[in-house]
Amino acid sequence: MLIKSPMAKDLSVILVNYKTPSLLRQCIKSIQKNPPNCDYDFIVVDNNSEDETVEMIEDDFPEVNLIANENNLGFPTAVNQAIRKSKSRYILLLNPDITVLEGTLDKMMAYMDKNESTAVLGPKLINPNGSIQYSCFKWFTSPRVALY
């Protein structure tokens, strides 16, 4: 999700992590491989994963702004921590299981720039085989689907 923010920098990529260091690594590397054509930064919030995540970020990604929580504060609180730290015009909220493809971030930012009345943009999610990953439903097929 890309959100407009009235700040000076172009883009902050915010990732909230809990016990998924390999997915987090893959996500950060996908952005480094396919970076936007602008000034951007990473803000990673680790919700006390109690694994190698904090060390991995510190050792392998020193450019990442890390917030290492001493407790699992939950996704909304972690996102708000990172948003408060951001100094960017746009904020991208990503889950660590996302792989960013070439040109995606530039297309999203260009759309936001052209459509000033748009405040939030949700990109299309694609499965590894190229099919669309539906993240919402027109109707609920069962009570279990409604809960998800």
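Further up the page is the structure itself.
Quick caveat, the model's predicted, so the values are computed rather than measured.

Brief notes about the overall build of the protein
Within the protein, the regular secondary structure consists of five helices and six strands. Written out in order from the N terminus, the α and β elements of the protein read β-β-α-β-α-β-α-β-α-β-α. For the protein, buried positions account for 36% of its 148 residues. In the protein, the proportion of contacts linking residues at least 24 apart, taken out of those at least 6 apart, comes to 71%. Summed over all atoms, the accessible surface of the protein reaches about 9,200 Å², with 54% contributed by carbon and sulfur.

Quick notes on the pairing of strand 4 (residues 65–68)
Summarising the sheet, strand 3 (residues 40–46) and strand 4 pair through four bridges and their orientation is parallel. Across the sheet, D46 pairs through a bridge with A68, a residue of strand 4. The parallel pair strand 3 and strand 4, bridged by helix 2 (residues 53–60), forms a crossover whose chirality is right-handed.

Some points on the packing of aromatic side chains
For any pair of aromatic rings, the description consists of the separation of the ring centres together with the inter-plane angle of the planes. One pass over the full model with this rule turns up one aromatic pair. An angle of 75° between the planes, with centres 5.6 Å apart, marks the rings of Y40 and F42 as edge-to-face. Judged by relative accessible area, which is 22%, Y40 ranks as partly exposed. Classification of F42 by relative accessible area gives buried; the value is 3%.

Some thoughts on the pattern of salt bridges
If you walk through the whole model with that rule in mind, you get four salt bridges. Among the salt bridges present, the one from R89 reaches D10, with a minimum N-O distance of 3.5 Å. Residue R89 is located in strand 5 (residues 88–94), and its partner D10 is located in strand 2 (residues 9–17); the two are separated by 79 residues in the primary sequence. Within the structure, one salt-bridge network assembled from shared partners comprises D10, R89 and D113.

Some remarks on the side chain of N34
Tracing the chain through its elements places N34 in the loop between helix 1 (21–33) and strand 3. Exposure remark for N34: the relative accessible area of 15% places this residue in the buried category. Engagement of the side chain of N34 in a polar contact is seen with the backbone oxygen of V100, the distance being 3.0 Å. Setting aside its immediate chain neighbours within four residues, N34 contacts V100, L101, E102 and L105.

Things to note about helix 4 (residues 104–114)
Those residues of helix 4 that sit buried are L105, M108, M109 and M112. Seen from one end, helix 4 has its buried residues packed into an arc of 95°, which puts them on one side. Along helix 4, the residues that are exposed and aim more than 90 degrees away from the buried face are K107 and K114.

Basis of the calculations
Residues numbered from 1 in each chain as written. Predicted model: local features only at pLDDT ≥ 70, side-chain atom pairs only at ≥ 80, totals over all residues. Heavy atoms only, no water. Helix = DSSP H or I, 4+ residues; strand = E, 2+ residues; numbered from the N terminus. Buried < 20%, exposed > 50% of the residue type's maximum accessible area, 1.4 Å probe, protein only. Contact = heavy atoms within 4.5 Å. Areas by Shrake-Rupley, 256 points an atom, 1.4 Å probe, with all protein chains shown as cover. Pairing = 2+ DSSP bridges. Right-handed = clockwise from strand over helix to strand, strands pointing away. Phe/Tyr/Trp six-rings, centres within 6.5 Å; stacked < 30°, edge-to-face > 60°. Salt bridge = Lys/Arg side-chain N within 4 Å of Asp/Glu carboxyl O. Polar contact = N/O pair within 3.5 Å; in protein donor to acceptor, adjacent residues only side chain to side chain. Arc of directions from axis to C-beta.

It is worth stressing that arrangement in space is one thing and function is another; only the former is reported here.
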